[in-house]
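Observations on chain architecture
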Amino acid sequence: MFSLVLRDGIHLAPLEVWHAEEFAAHMDRAREHIRPWVGPTFVTDDLDGARSTLRRYAARQAEDGGRLYGIWRAGVLVGGVMFTDLDAGSGVCEIGCWLEPSAEGHGLITQASGVLLDWAFASRGLHRAEWHCRADNDRSSAVAKRLGMTLEGVRREAWPYEGRRYDKQVWAVLAPEWQALGR
């Protein structure tokens, strides 16, 4: 099985269907914290929902689309990063992320997202990577900045959540920009 050590005690690995029980337990710790910031179909409420989410990403990966990776700290799933979309034909991908509260503030998402960007640009030959987040999600915007992404625009009221609409930021980095950063 593929597993990449990010640093001592922390590794990144594919999050697969057989992780459903672990993913469901993780969602119990993360659910309310991440619900406002991620897509509603990602936040699961039980084991069947966890299996469904993991199966959906497995199917997308089989079609060379989305991919899902977990971040484990001391053997416990604490979050992850993903290609919410990957279109090799157009050379564009979108990266997303999530963390439970106990894992925030340690640079895990920035480091893991950097691994995904390295792979997207160097191994897959993609040209553009995007990062979408609610405009009021300061933590997510900060990750995009640390990754060297440029804020390209704001899609006004494009993020519905609990009966309200929020602005969505679109950040991006191009392969030559990523390479120039020495990543």
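For the structure, check the block above.
In this report, we go over the structure that sits alongside the text. (Residues numbered from 1 in each chain as written. Predicted model: local features only at pLDDT ≥ 70, side-chain atom pairs only at ≥ 80, totals over all residues. Heavy atoms only, no water.)

1. As for the pairing of strand β2 (residues 10-14)
Taking burial as the measure, the five residues of β2 include four buried ones, the bulk of the element. What sits between strand β1 (residues 4-7) and β2 in their antiparallel hairpin is a turn of two residues, with G9 showing a positive phi close to 80°. Here five bridges tie β2 to strand β3 (residues 67-73), and the two strands are oriented antiparallel to one another. Each residue of the ladder has a partner; that of A13, found in β3, is G70. (Buried < 20%, exposed > 50% of the residue type's maximum accessible area, 1.4 Å probe, protein only. Helix = DSSP H or I, 4+ residues; strand = E, 2+ residues; numbered from the N terminus. Pairing = 2+ DSSP bridges.)

2. With respect to helix α1 (residues 20-34)
Over its 15 residues, α1 runs only 18 Å from end to end, short of the ideal 21 Å by more than 12%, given 1.5 Å per residue. A bend of about 50° at D28 is the largest found in α1. Against α2 (47-62), β4 (76-87) and β5 (92-99) lie the buried residues of α1. (Expected span 1.5 Å × (residues − 1). Bend = angle between axes of the 7 residues up to and from the residue. Contact = heavy atoms within 4.5 Å.)

3. Examining the nonpolar core
Across soluble globular proteins, you tend to see nonpolar side chains buried next to one another. Residues L12, I71, F83, L117, F121, W131 and M149 are the most contacted members of the largest nonpolar core, which totals 32 residues. Residue contributions to this core peak at seven residues, all from helix α3 (residues 108-123). Counting 19 residues, the second-largest nonpolar core is a separate cluster that includes A24, A30, Y57 and W72. (Core = buried A, V, L, I, M, F, W, Y, C linked by side-chain atoms within 4.5 Å.)

4. A few points about helix α4 (residues 138-146)
Looking at α4, one finds that the buried residues are S140, S141, V143 and A144. Viewed along the axis of α4, the buried residues span an arc of 155°, placing them on a single side of the element. The outward face of α4, more than 90 degrees from its buried face, is lined by the exposed residues D138 and K145. Just downstream of α4 lies G148, where phi reads positive at about 80°. (Arc of directions from axis to C-beta.)

5. A short note on the sheet that holds β4
Consider a sheet: its strands pair through backbone hydrogen bonds, and that pairing is either parallel or antiparallel. Taken in spatial order, the eight strands of this open sheet run β1-β2-β3-β4-β5-β6-β8-β7, and their pairing is mixed. The strands lining the two open edges of the sheet, one partner per strand, are β1 and β7 (150-161). Strand-to-strand twist across the sheet, computed as the mean angle between neighbouring axes with direction ignored, equals 25°. By the bridge criterion, eight bridges tie β7 to strand β8 (residues 164-174) in an arrangement that is antiparallel. Its bridge partner lying in β8, L151 is registered against W171. Strand contacts of α2: β3 and β4, with the helix running at about 40° to β4, the strand carrying the most contacts. Across the sheet, α4 is in contact with β6 (128-134) and β8; its angle to β6 comes to roughly 160°. (Axes fitted to C-alpha atoms, helices over the stretch in contact; angles between N-to-C directions.)

6. Overview of the environment of M27
Mapped onto the fold, M27 is located in helix α1. With relative accessibility at 0%, the residue M27 sits in the buried group. For the pair M27 and G49, spaced 22 residues apart in sequence, the C-alpha to C-alpha distance is 10 Å.

7. Quick word on the packing of α1 against α2
Relative to each other, α1 and α2 sit at 115°, their axes nearing to 8 Å. Between α1 and α2, the angle is such that the two are roughly perpendicular. Like other packed secondary-structure pairs, α1 and α2 cross with a definite hand, here right-handed. Here α1 contributes A20, E21, F23 and A24 to the contact with α2, which in turn contributes L47, A50, R51, T53 and L54. (Parallel < 35°, antiparallel > 145°, perpendicular 65-115°, else oblique. Left-handed = near helix turned anticlockwise from the far one by under 90°.)

8. With respect to the pairing of β1
Across three bridges, the pairing between β1 and β2 is antiparallel. Counted as the bridge partner of R7 is I10 from β2.

Take it as geometry only, folks, not as evidence of what the structure does.
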